[in-house]
Amino acid sequence: MFDKLQSVSDRYEEVNELISDPEVISDTKRFMKLSKEEGNLRETVETYKKYREVTESLNDDQEMLKEKLDDDMNEMVKAEISDLEEQKTELEEKLKIMLIPKDPNDDKNIIMEIHGAAGGDEASLFAGDLYNMYVKYAETQGWQVQVIDEVPTEVGGFKQIVLMITGDNVYSKLKFENGAHRVQRVPETESAGRVHTSTATVGVMPEEEDVDITIDPSDIRTDVYRSSGAGGQHINKTSSAVRMTHLPTGIVVAMQDERSQQQNRVKAMNVLKARVYDYYKQKEEDQYNAQRKSAVGTGDRSERIRTYNYPQNRVTDHRIGLTLNKLDKVMAGDLGEIIDALIVSDQAEKMEHLNDNEA
(Lines give C-alpha, C1' and ligand atoms only; values in the text may rest on other atoms or scores of the structure.)
Protein backbone atom coordinates (compact mmCIF):
# COMPACT_ATOMS: atom_id res chain seq x y z
CA MET A 1 0.00 0.00 0.00
CA PHE A 2 2.79 2.42 0.91
CA ASP A 3 4.56 1.88 -2.41
CA LYS A 4 1.33 2.94 -4.13
CA LEU A 5 1.00 5.96 -1.86
CA GLN A 6 4.56 7.05 -2.57
CA SER A 7 3.86 6.73 -6.31
CA VAL A 8 0.77 8.94 -5.89
CA SER A 9 2.83 11.47 -3.94
CA ASP A 10 5.54 11.51 -6.62
CA ARG A 11 2.95 11.97 -9.36
CA TYR A 12 1.36 14.83 -7.41
CA GLU A 13 4.70 16.68 -7.30
CA GLU A 14 5.22 16.02 -11.00
CA VAL A 15 1.76 17.36 -11.89
CA ASN A 16 2.33 20.51 -9.81
CA GLU A 17 5.55 21.17 -11.70
CA LEU A 18 3.81 20.64 -15.04
CA ILE A 19 0.93 23.04 -14.34
CA SER A 20 3.51 25.72 -13.57
CA ASP A 21 5.19 25.21 -16.94
CA PRO A 22 4.35 28.11 -19.34
CA GLU A 23 4.15 25.66 -22.25
CA VAL A 24 1.48 23.65 -20.42
CA ILE A 25 -0.39 26.77 -19.31
CA SER A 26 -0.68 27.88 -22.93
CA ASP A 27 -2.26 24.50 -23.84
CA THR A 28 -5.71 25.02 -22.27
CA LYS A 29 -6.92 21.45 -22.77
CA ARG A 30 -3.80 19.89 -21.22
CA PHE A 31 -3.73 22.44 -18.41
CA MET A 32 -7.37 21.71 -17.48
CA LYS A 33 -6.73 17.97 -17.53
CA LEU A 34 -3.66 18.27 -15.28
CA SER A 35 -5.43 20.69 -12.92
CA LYS A 36 -8.24 18.19 -12.55
CA GLU A 37 -5.72 15.40 -11.84
CA GLU A 38 -3.99 17.60 -9.25
CA GLY A 39 -7.32 18.18 -7.51
CA ASN A 40 -8.10 14.46 -7.48
CA LEU A 41 -4.70 13.58 -5.96
CA ARG A 42 -4.51 16.39 -3.40
CA GLU A 43 -6.55 14.85 -0.57
CA THR A 44 -4.74 11.51 -0.80
CA VAL A 45 -1.33 13.20 -0.71
CA GLU A 46 -2.29 15.43 2.23
CA THR A 47 -3.65 12.43 4.16
CA TYR A 48 -0.47 10.45 3.43
CA LYS A 49 1.62 13.41 4.63
CA LYS A 50 -0.40 13.51 7.86
CA TYR A 51 0.06 9.75 8.24
CA ARG A 52 3.84 10.08 7.94
CA GLU A 53 3.90 12.89 10.51
CA VAL A 54 1.84 10.82 12.97
CA THR A 55 4.06 7.77 12.40
CA GLU A 56 7.21 9.82 12.97
CA SER A 57 5.83 11.32 16.20
CA LEU A 58 4.79 7.86 17.36
CA ASN A 59 8.30 6.48 16.75
CA ASP A 60 9.83 9.42 18.66
CA ASP A 61 7.55 8.85 21.64
CA GLN A 62 8.27 5.13 21.70
CA GLU A 63 12.01 5.90 21.74
CA MET A 64 11.45 8.39 24.54
CA LEU A 65 9.83 5.69 26.70
CA LYS A 66 13.10 3.75 26.61
CA GLU A 67 14.76 6.59 28.49
CA LYS A 68 14.50 7.17 32.23
CA LEU A 69 11.56 9.51 32.71
CA ASP A 70 9.79 10.71 35.83
CA ASP A 71 6.31 9.30 36.47
CA ASP A 72 4.40 12.34 35.21
CA MET A 73 6.37 12.52 31.97
CA ASN A 74 6.05 8.76 31.51
CA GLU A 75 2.25 8.93 31.82
CA MET A 76 2.05 11.92 29.47
CA VAL A 77 4.10 10.14 26.78
CA LYS A 78 1.99 6.97 27.12
CA ALA A 79 -1.21 9.01 26.72
CA GLU A 80 0.21 10.68 23.61
CA ILE A 81 1.22 7.30 22.16
CA SER A 82 -2.31 5.99 22.68
CA ASP A 83 -3.73 9.01 20.86
CA LEU A 84 -1.21 8.72 18.00
CA GLU A 85 -1.90 5.00 17.56
CA GLU A 86 -5.60 5.76 17.23
CA GLN A 87 -4.89 8.48 14.66
CA LYS A 88 -2.58 6.15 12.74
CA THR A 89 -5.24 3.42 12.53
CA GLU A 90 -7.88 5.91 11.33
CA LEU A 91 -5.55 7.35 8.70
CA GLU A 92 -4.60 3.87 7.46
CA GLU A 93 -8.27 3.00 6.92
CA LYS A 94 -8.86 6.31 5.16
CA LEU A 95 -5.86 5.77 2.88
CA LYS A 96 -7.03 2.25 1.97
CA ILE A 97 -10.34 3.68 0.76
CA MET A 98 -8.54 6.42 -1.18
CA LEU A 99 -6.49 3.79 -3.03
CA ILE A 100 -9.58 1.98 -4.30
CA PRO A 101 -9.60 2.38 -8.11
CA LYS A 102 -11.94 5.24 -8.98
CA ASP A 103 -14.74 4.83 -11.47
CA PRO A 104 -13.63 7.06 -14.39
CA ASN A 105 -17.22 8.25 -14.80
CA ASP A 106 -17.68 9.39 -11.18
CA ASP A 107 -17.13 13.10 -11.80
CA LYS A 108 -19.33 13.22 -14.90
CA ASN A 109 -22.77 14.70 -15.42
CA ILE A 110 -25.55 12.23 -16.12
CA ILE A 111 -28.51 11.55 -18.32
CA MET A 112 -31.31 9.97 -16.29
CA GLU A 113 -34.30 8.19 -17.82
CA ILE A 114 -37.37 7.49 -15.67
CA HIS A 115 -40.11 5.24 -17.09
CA GLY A 116 -43.48 4.29 -15.68
CA ALA A 117 -43.49 0.48 -15.86
CA ALA A 118 -45.85 -2.08 -14.30
CA GLY A 119 -49.03 -0.69 -12.79
CA GLY A 120 -50.70 1.52 -15.40
CA ASP A 121 -51.59 5.07 -14.29
CA GLU A 122 -50.18 4.50 -10.82
CA ALA A 123 -46.76 3.61 -12.35
CA SER A 124 -46.79 6.86 -14.34
CA LEU A 125 -47.69 8.84 -11.23
CA PHE A 126 -44.86 7.17 -9.33
CA ALA A 127 -42.44 8.05 -12.17
CA GLY A 128 -43.48 11.67 -11.57
CA ASP A 129 -42.86 11.27 -7.83
CA LEU A 130 -39.36 9.90 -8.48
CA TYR A 131 -38.66 12.81 -10.83
CA ASN A 132 -39.64 15.28 -8.08
CA MET A 133 -37.51 13.37 -5.55
CA TYR A 134 -34.39 13.57 -7.70
CA VAL A 135 -34.99 17.26 -8.51
CA LYS A 136 -35.21 18.08 -4.79
CA TYR A 137 -32.10 16.02 -4.01
CA ALA A 138 -30.24 17.78 -6.82
CA GLU A 139 -31.16 21.13 -5.25
CA THR A 140 -29.53 20.08 -1.96
CA GLN A 141 -26.34 19.23 -3.90
CA GLY A 142 -26.25 22.48 -5.86
CA TRP A 143 -26.78 20.61 -9.15
CA GLN A 144 -28.70 21.79 -12.22
CA VAL A 145 -31.54 19.70 -13.68
CA GLN A 146 -32.76 20.11 -17.24
CA VAL A 147 -35.65 18.15 -18.75
CA ILE A 148 -34.61 17.11 -22.25
CA ASP A 149 -37.55 14.89 -23.16
CA GLU A 150 -40.86 13.98 -21.54
CA VAL A 151 -43.99 12.01 -22.33
CA PRO A 152 -46.57 13.15 -19.76
CA THR A 153 -49.80 11.27 -19.07
CA GLU A 154 -53.31 12.60 -18.59
CA VAL A 155 -53.31 11.56 -14.90
CA GLY A 156 -50.36 13.86 -14.18
CA GLY A 157 -47.33 11.59 -14.17
CA PHE A 158 -44.95 10.51 -16.90
CA LYS A 159 -44.80 7.56 -19.22
CA GLN A 160 -41.18 8.66 -19.69
CA ILE A 161 -39.04 11.63 -18.68
CA VAL A 162 -35.38 12.19 -19.56
CA LEU A 163 -33.19 14.57 -17.55
CA MET A 164 -29.71 15.97 -17.75
CA ILE A 165 -28.24 16.58 -14.29
CA THR A 166 -25.05 18.62 -14.14
CA GLY A 167 -22.73 19.50 -11.26
CA ASP A 168 -19.93 18.08 -9.12
CA ASN A 169 -19.64 14.27 -8.91
CA VAL A 170 -23.21 13.65 -10.08
CA TYR A 171 -22.58 10.14 -11.45
CA SER A 172 -20.69 9.04 -8.32
CA LYS A 173 -23.81 9.63 -6.20
CA LEU A 174 -26.64 8.73 -8.55
CA LYS A 175 -25.20 5.69 -10.37
CA PHE A 176 -26.71 3.41 -7.73
CA GLU A 177 -30.23 4.57 -8.69
CA ASN A 178 -30.10 2.32 -11.76
CA GLY A 179 -32.91 -0.23 -11.54
CA ALA A 180 -36.57 -0.91 -10.85
CA HIS A 181 -38.19 1.05 -8.01
CA ARG A 182 -41.32 -0.45 -6.43
CA VAL A 183 -44.07 1.53 -4.75
CA GLN A 184 -46.73 0.16 -2.41
CA ARG A 185 -49.62 2.52 -1.67
CA VAL A 186 -53.35 3.10 -2.00
CA PRO A 187 -54.07 4.83 -5.32
CA GLU A 188 -56.34 7.87 -5.23
CA THR A 189 -58.75 6.02 -7.53
CA GLU A 190 -58.99 3.01 -5.19
CA SER A 191 -62.30 3.36 -3.34
CA ALA A 192 -61.84 0.20 -1.24
CA GLY A 193 -58.54 1.43 0.22
CA ARG A 194 -56.49 -1.53 -1.03
CA VAL A 195 -52.72 -1.22 -1.34
CA HIS A 196 -51.46 -1.59 -4.91
CA THR A 197 -47.93 -2.39 -6.07
CA SER A 198 -46.47 -0.59 -9.09
CA THR A 199 -43.00 0.05 -10.50
CA ALA A 200 -41.00 2.63 -12.37
CA THR A 201 -37.53 2.11 -13.80
CA VAL A 202 -34.58 4.47 -13.56
CA GLY A 203 -31.63 4.41 -15.95
CA VAL A 204 -28.49 6.44 -15.20
CA MET A 205 -25.86 7.04 -17.88
CA PRO A 206 -22.77 9.29 -17.74
CA GLU A 207 -22.84 12.19 -20.17
CA GLU A 208 -20.25 11.50 -22.84
CA GLU A 209 -18.05 14.15 -24.39
CA ASP A 210 -16.35 14.14 -27.78
CA VAL A 211 -13.14 12.85 -26.19
CA ASP A 212 -15.00 9.76 -24.98
CA ILE A 213 -16.76 8.77 -28.17
CA THR A 214 -16.89 10.03 -31.73
CA ILE A 215 -19.94 9.13 -33.77
CA ASP A 216 -19.52 9.10 -37.54
CA PRO A 217 -22.15 11.50 -38.97
CA SER A 218 -22.78 9.01 -41.79
CA ASP A 219 -23.97 6.51 -39.14
CA ILE A 220 -26.82 8.80 -38.10
CA ARG A 221 -30.14 9.19 -39.89
CA THR A 222 -31.93 12.37 -38.86
CA ASP A 223 -35.64 12.90 -39.46
CA VAL A 224 -37.47 16.15 -38.70
CA TYR A 225 -41.18 16.53 -38.11
CA ARG A 226 -43.69 18.82 -36.45
CA SER A 227 -43.81 18.87 -32.66
CA SER A 228 -47.22 17.86 -31.37
CA GLY A 229 -48.87 18.17 -27.99
CA ALA A 230 -51.64 16.27 -26.24
CA GLY A 231 -54.54 15.36 -28.49
CA GLY A 232 -52.41 15.79 -31.59
CA GLN A 233 -52.46 19.57 -31.49
CA HIS A 234 -49.43 21.14 -33.10
CA ILE A 235 -47.19 23.15 -30.81
CA ASN A 236 -45.93 24.99 -33.86
CA LYS A 237 -46.22 24.79 -37.61
CA THR A 238 -42.54 24.25 -38.36
CA SER A 239 -40.67 20.96 -38.41
CA SER A 240 -38.71 21.52 -35.19
CA ALA A 241 -38.90 18.01 -33.68
CA VAL A 242 -35.92 15.75 -34.36
CA ARG A 243 -35.56 11.98 -34.44
CA MET A 244 -32.03 10.56 -34.65
CA THR A 245 -31.31 6.91 -35.45
CA HIS A 246 -27.85 5.43 -34.94
CA LEU A 247 -27.83 2.95 -37.82
CA PRO A 248 -25.15 0.49 -36.55
CA THR A 249 -26.96 -0.07 -33.24
CA GLY A 250 -30.55 0.85 -34.06
CA ILE A 251 -30.68 3.26 -31.10
CA VAL A 252 -33.35 5.94 -31.61
CA VAL A 253 -33.65 9.29 -29.83
CA ALA A 254 -36.60 11.62 -30.42
CA MET A 255 -36.61 15.22 -29.14
CA GLN A 256 -39.35 17.84 -29.39
CA ASP A 257 -38.87 19.74 -26.14
CA GLU A 258 -37.58 22.93 -27.74
CA ARG A 259 -39.16 25.15 -30.37
CA SER A 260 -35.89 25.40 -32.29
CA GLN A 261 -34.85 22.48 -34.47
CA GLN A 262 -31.19 23.27 -33.73
CA GLN A 263 -31.76 23.10 -29.97
CA ASN A 264 -33.53 19.76 -30.35
CA ARG A 265 -30.64 18.49 -32.49
CA VAL A 266 -28.12 19.37 -29.76
CA LYS A 267 -30.17 17.71 -27.04
CA ALA A 268 -30.84 14.61 -29.14
CA MET A 269 -27.13 14.24 -29.91
CA ASN A 270 -26.23 14.45 -26.20
CA VAL A 271 -28.64 11.63 -25.36
CA LEU A 272 -27.58 9.60 -28.40
CA LYS A 273 -23.91 9.82 -27.43
CA ALA A 274 -24.66 8.58 -23.92
CA ARG A 275 -26.72 5.65 -25.18
CA VAL A 276 -24.24 4.64 -27.88
CA TYR A 277 -21.32 4.86 -25.46
CA ASP A 278 -23.27 2.76 -22.96
CA TYR A 279 -23.88 0.24 -25.74
CA TYR A 280 -20.27 -0.01 -26.88
CA LYS A 281 -18.90 -0.28 -23.34
CA GLN A 282 -19.91 -3.92 -23.58
CA LYS A 283 -17.77 -6.15 -25.79
CA GLU A 284 -20.72 -7.98 -27.26
CA GLU A 285 -24.34 -7.07 -27.85
CA ASP A 286 -25.58 -9.95 -25.70
CA GLN A 287 -23.52 -8.71 -22.75
CA TYR A 288 -24.93 -5.23 -23.24
CA ASN A 289 -28.53 -6.46 -23.25
CA ALA A 290 -27.88 -8.58 -20.16
CA GLN A 291 -26.44 -5.60 -18.34
CA ARG A 292 -29.33 -3.31 -19.26
CA LYS A 293 -31.83 -5.93 -18.13
CA SER A 294 -29.90 -6.36 -14.89
CA ALA A 295 -29.51 -2.63 -14.27
CA VAL A 296 -32.84 -1.25 -15.42
CA GLY A 297 -34.95 -4.40 -15.57
CA THR A 298 -38.22 -4.98 -17.36
CA GLY A 299 -40.16 -3.12 -14.70
CA ASP A 300 -41.87 -6.29 -13.50
CA ARG A 301 -42.98 -6.04 -9.85
CA SER A 302 -40.62 -8.86 -8.83
CA GLU A 303 -37.56 -6.95 -10.06
CA ARG A 304 -36.67 -4.14 -7.71
CA ILE A 305 -33.73 -2.46 -6.05
CA ARG A 306 -35.84 -0.42 -3.65
CA THR A 307 -39.37 -0.46 -2.21
CA TYR A 308 -41.27 2.66 -1.17
CA ASN A 309 -44.06 1.65 1.26
CA TYR A 310 -46.39 4.60 1.87
CA PRO A 311 -48.77 3.09 4.49
CA GLN A 312 -45.81 2.37 6.79
CA ASN A 313 -43.74 5.43 5.77
CA ARG A 314 -40.92 2.99 5.02
CA VAL A 315 -38.26 2.75 2.32
CA THR A 316 -36.06 -0.33 1.88
CA ASP A 317 -33.00 -0.73 -0.34
CA HIS A 318 -32.86 -4.46 -1.01
CA ARG A 319 -29.25 -4.54 -2.23
CA ILE A 320 -27.79 -3.58 1.14
CA GLY A 321 -30.70 -4.47 3.43
CA LEU A 322 -31.21 -0.86 4.55
CA THR A 323 -34.65 0.13 5.89
CA LEU A 324 -35.56 3.66 6.94
CA ASN A 325 -38.88 4.77 8.42
CA LYS A 326 -38.86 8.21 6.86
CA LEU A 327 -40.28 7.77 3.38
CA ASP A 328 -41.86 11.23 3.55
CA LYS A 329 -38.42 12.82 3.96
CA VAL A 330 -36.85 10.61 1.25
CA MET A 331 -39.52 11.62 -1.27
CA ALA A 332 -38.80 15.24 -0.31
CA GLY A 333 -35.22 14.77 -1.54
CA ASP A 334 -33.52 13.51 1.64
CA LEU A 335 -31.60 10.73 -0.14
CA GLY A 336 -28.26 11.32 1.55
CA GLU A 337 -28.41 8.48 4.08
CA ILE A 338 -29.32 5.90 1.41
CA ILE A 339 -26.71 7.10 -1.08
CA ASP A 340 -23.97 7.26 1.58
CA ALA A 341 -24.77 3.70 2.67
CA LEU A 342 -24.61 2.46 -0.94
CA ILE A 343 -21.23 4.17 -1.46
CA VAL A 344 -19.83 2.64 1.76
CA SER A 345 -21.11 -0.80 0.72
CA ASP A 346 -19.53 -0.43 -2.72
CA GLN A 347 -16.22 0.66 -1.15
CA ALA A 348 -16.25 -2.30 1.25
CA GLU A 349 -16.82 -4.71 -1.63
CA LYS A 350 -13.98 -3.19 -3.65
CA MET A 351 -11.74 -3.25 -0.59
CA GLU A 352 -12.45 -6.94 -0.13
CA HIS A 353 -11.48 -7.60 -3.76
CA LEU A 354 -8.25 -5.61 -3.28
CA ASN A 355 -7.36 -7.60 -0.17
CA ASP A 356 -8.11 -10.88 -1.97
CA ASN A 357 -5.84 -9.86 -4.86
CA GLU A 358 -3.04 -8.85 -2.50
CA ALA A 359 -3.38 -12.16 -0.63
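Residues numbered from 1 in each chain as written. Predicted model: local features only at pLDDT ≥ 70, side-chain atom pairs only at ≥ 80, totals over all residues. Heavy atoms only, no water.

An unreviewed UniProt entry lists the protein under the name Peptide chain release factor 1, with Fructilactobacillus sanfranciscensis as the source organism. What UniProt records for the protein under Subcellular location (unreviewed entry) is the sentence "Cytoplasm". (UniProt positions renumbered as here; feature names shortened; annotations may be inferred.)

Visitor: Is there a simple way to think about the overall build of the protein in this case?
Guide: When helices and strands are counted, the protein shows ten helices and eleven strands. Sequence separation of at least 24 residues holds for 60% of the intrachain contacts in the protein that already meet a minimum separation of 6. If you sum the accessible surface of the protein, you get close to 20,200 Å²; carbon and sulfur atoms cover 46% of it. (Helix = DSSP H or I, 4+ residues; strand = E, 2+ residues; numbered from the N terminus. Contact = heavy atoms within 4.5 Å. Areas by Shrake-Rupley, 256 points an atom, 1.4 Å probe, with all protein chains shown as cover.)

Visitor: Sorry, what's going on with the side chain of Glu113 here?
Guide: Inspection of the secondary structure assignment puts Glu113 in strand 1 (residues 110-116). Within the structure, Glu113 has its side chain in polar contact with the side chain of Arg275 (distance 2.5 Å). (Polar contact = N/O pair within 3.5 Å; in protein donor to acceptor, adjacent residues only side chain to side chain.)

Visitor: I keep staring at the sheet that holds strand 1 and nothing clicks. Help me out?
Guide: Note on sheets: strands pair through backbone hydrogen bonds, and any given pair is parallel or antiparallel. If you trace the eight strands from one edge of the open sheet to the other, you get 2-3-1-5-4-9-10-11, paired in mixed fashion. Pairing within the sheet leaves two strands with one partner each, and these edge strands are strand 2 (144-152) and strand 11 (322-324). For this sheet, the mean angle separating the axes of adjacent strands, direction not counted, is 15 degrees. Note that strand 1 and strand 5 (residues 196-206) share seven bridges and pair antiparallel. Residue pairing in the sheet places Ile110 in a bridge with Pro206 of strand 5. The strands touched by helix 5 (residues 121-141) are strand 1, strand 2, strand 3 (158-166), strand 4 (179-185), strand 5 and strand 9 (306-309); relative to strand 5, the strand with the most contacts, the crossing angle is about 45 degrees. (Pairing = 2+ DSSP bridges. Axes fitted to C-alpha atoms, helices over the stretch in contact; angles between N-to-C directions.)

Visitor: Explanation requested: the pattern of salt bridges in the structure shown.
Guide: Where charged atoms from two side chains of opposite charge approach closely, those side chains can pair. Counting across every chain of the model gives 16 salt bridges. The partner of Asp107 in a salt bridge is Lys36, with the nearest N and O atoms 2.8 Å apart. One end of the pair, Asp107, is in the loop between helix 4 (71-98) and strand 1; the other, Lys36, is in helix 3 (residues 28-65), with 71 residues separating them in the sequence. Residue Lys36 is classed as partly exposed on the basis of its relative accessible area, which comes to 46%. In this structure, the salt-bridge partner of Lys326 is Asp334, at a minimum N-O distance of 3.4 Å. According to the relative accessible area criterion, Lys326 is buried, its value standing at 18%. (Salt bridge = Lys/Arg side-chain N within 4 Å of Asp/Glu carboxyl O. Buried < 20%, exposed > 50% of the residue type's maximum accessible area, 1.4 Å probe, protein only.)

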